[in-house]
Amino acid sequence: MIHIMADERISFGLFSSSSILFLCCIISSTFAAWPLPYRRYDHRPISSPFCQAGVIPFCPSGEPDNSMPLFNPTDPVEIYALKKPVWQFKFGDLLGKFHIIHDALGIKNVKTGHNYTMEWYELFQLFNCTFPHLLKNDTLQWCNQGATCIYDGIEDKLWHQNGTLAKVATMTGDQFNTFADWVLKDNRTGLFYETWTVESEPGGQMWFDAFDCASWVLRAFDQLGVIGAKFDHSVSLNYTRIHLYSSQPIYLGNETEIFGNKSNAALAKDMINFYKDFQSHVSDEKLVLNLLDALLYIMNRDKFYLYYNSAYWLLPMKKPFASLSYDQVPLPGGGGGEVYHKPHSVWQQEDEYWKAKFGKL
């Protein structure tokens, strides 16, 4: 459990005013567009053996890596929105009461009767994607990869009784095969789970967008709309976001720049001390309390160290500090509501941005 103590509040004394001004100048000249584009990669790195899934392994009954089912071009296909509380298999509806919901897609080939479930989620559980492990040598180990899992069948009773199972679109087998190609490419380039939506205030300037199960479903819906799927706009769907609120973020550097540079020793020590307060990775029975405890703890801090695009950022926190939202997002082509999801071409834009600025890995 995380305990909130007034004397544990971290001050900004670590950074001189000139240092902050210098870093802000770097930000304004290098990252002029907000929200910062999510970084795309050209290969998936091998995970550290240290990283373990814990309760259940990732995608235990899924299709082989880099493979997708293919349908006959004229087969009629139905698309289903699937929702259930996070960790429902262990905690039932507990997280559902806080609107912390896992999202997935159901695929049904009407002609053959074959059903599939498709979802994008963390390889090593949510808490591991949100905070790093602090190792004995005072180094940080991130276990934050995410990936697409597709497996046979749709557990109708599970989704219907615990959340949502709703038919949202129809398409042809040929359209599905085009969509399947997009899924594979998205999975090969979008590798790291990002828990937080960071904004200046509720509904204000977005600094960083989340990259999670819900954002994957929204990207998938966008792509389905582009290739011609017909959506049922009578269906209303809400999505979970976990928000942090801060003034304009300050870029600090990547792991080597911070922890491999003696001149940044004070910053590295401060970051280590910050992450020490978020080390409740191992007790499965307390995962829910640990996450909620972490949110409460964040509300009592004046800054937060964010890890995004394999680099660290300083968030000067401001009220209301953190919140959960569960807002409606309309299906493509329906209009109405506030649309948070990005256009279908966003992965192409992000890929071009990172290759132009940083080159290939």
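Residues numbered from 1 in each chain as written. Predicted model: local features only at pLDDT ≥ 70, side-chain atom pairs only at ≥ 80, totals over all residues. Heavy atoms only, no water.

**Focus: the pairing of strand S14 (residues 311-328)**
Looking at chain direction, strand S11 (residues 238-246) and S14 are connected through eight bridges and run antiparallel. Counted as the bridge partner of Thr240 is Tyr326 from S14. Pairing between strand S13 (residues 303-308) and S14: six bridges, direction antiparallel. Counted as the bridge partner of Lys303 is Pro316 from S14. Connecting the antiparallel pair S13 and S14 is a turn made up of two residues, with Asn309 showing a positive phi of about 55°. (Pairing = 2+ DSSP bridges. Helix = DSSP H or I, 4+ residues; strand = E, 2+ residues; numbered from the N terminus.)

**Re the side chain of Asp212**
With respect to the helices and strands, Asp212 occurs in the loop between strand S9 (206-208) and helix H6 (213-226). It is Arg219 that comes nearest to the buried, bridge-free Asp212 among opposite-charge side chains, at 6.7 Å. Looking at Asp212, its side chain comes within polar contact range of the main-chain nitrogen of Ala214, at 3.3 Å. Excluding anything up to four places from it in sequence, Asp212 contacts Trp120, Tyr193 and Glu194. (Buried < 20%, exposed > 50% of the residue type's maximum accessible area, 1.4 Å probe, protein only. Lys, Arg positive; Asp, Glu negative; His and termini not counted. Salt bridge = Lys/Arg side-chain N within 4 Å of Asp/Glu carboxyl O. Polar contact = N/O pair within 3.5 Å; in protein donor to acceptor, adjacent residues only side chain to side chain. Contact = heavy atoms within 4.5 Å.)

**Observations regarding the nonpolar core**
Grouped together as the largest cluster of nonpolar side chains are 85 residues, with contacts concentrated most on Ile79, Met118, Phe176, Phe179, Phe208, Phe221 and Phe304. In terms of residue count, S14 provides more of this core than any other element does, eight residues in total. Excluding its chain neighbours within four sequence positions, the residues that come into contact with Met118 are Met68, Ala104, Leu105, Ile107, Thr148, Cys149, Ile150, Phe176, Phe179, Val183 and Trp216. (Core = buried A, V, L, I, M, F, W, Y, C linked by side-chain atoms within 4.5 Å.)

**Regarding the pattern of salt bridges**
Applying the stated criterion across every chain yields a total of six salt bridges. Put simply, Asp186 and Arg40 hold a salt bridge, and the shortest N to O gap is 3.1 Å. Pair noted here: Asp186 is in helix H5 (residues 173-189) and Arg40 is in the loop between helix H1 (17-30) and strand S1 (76-85), with a separation of 146 residues, a long-range link. In this structure, Asp186 and Arg40 share a single accessibility class: buried.

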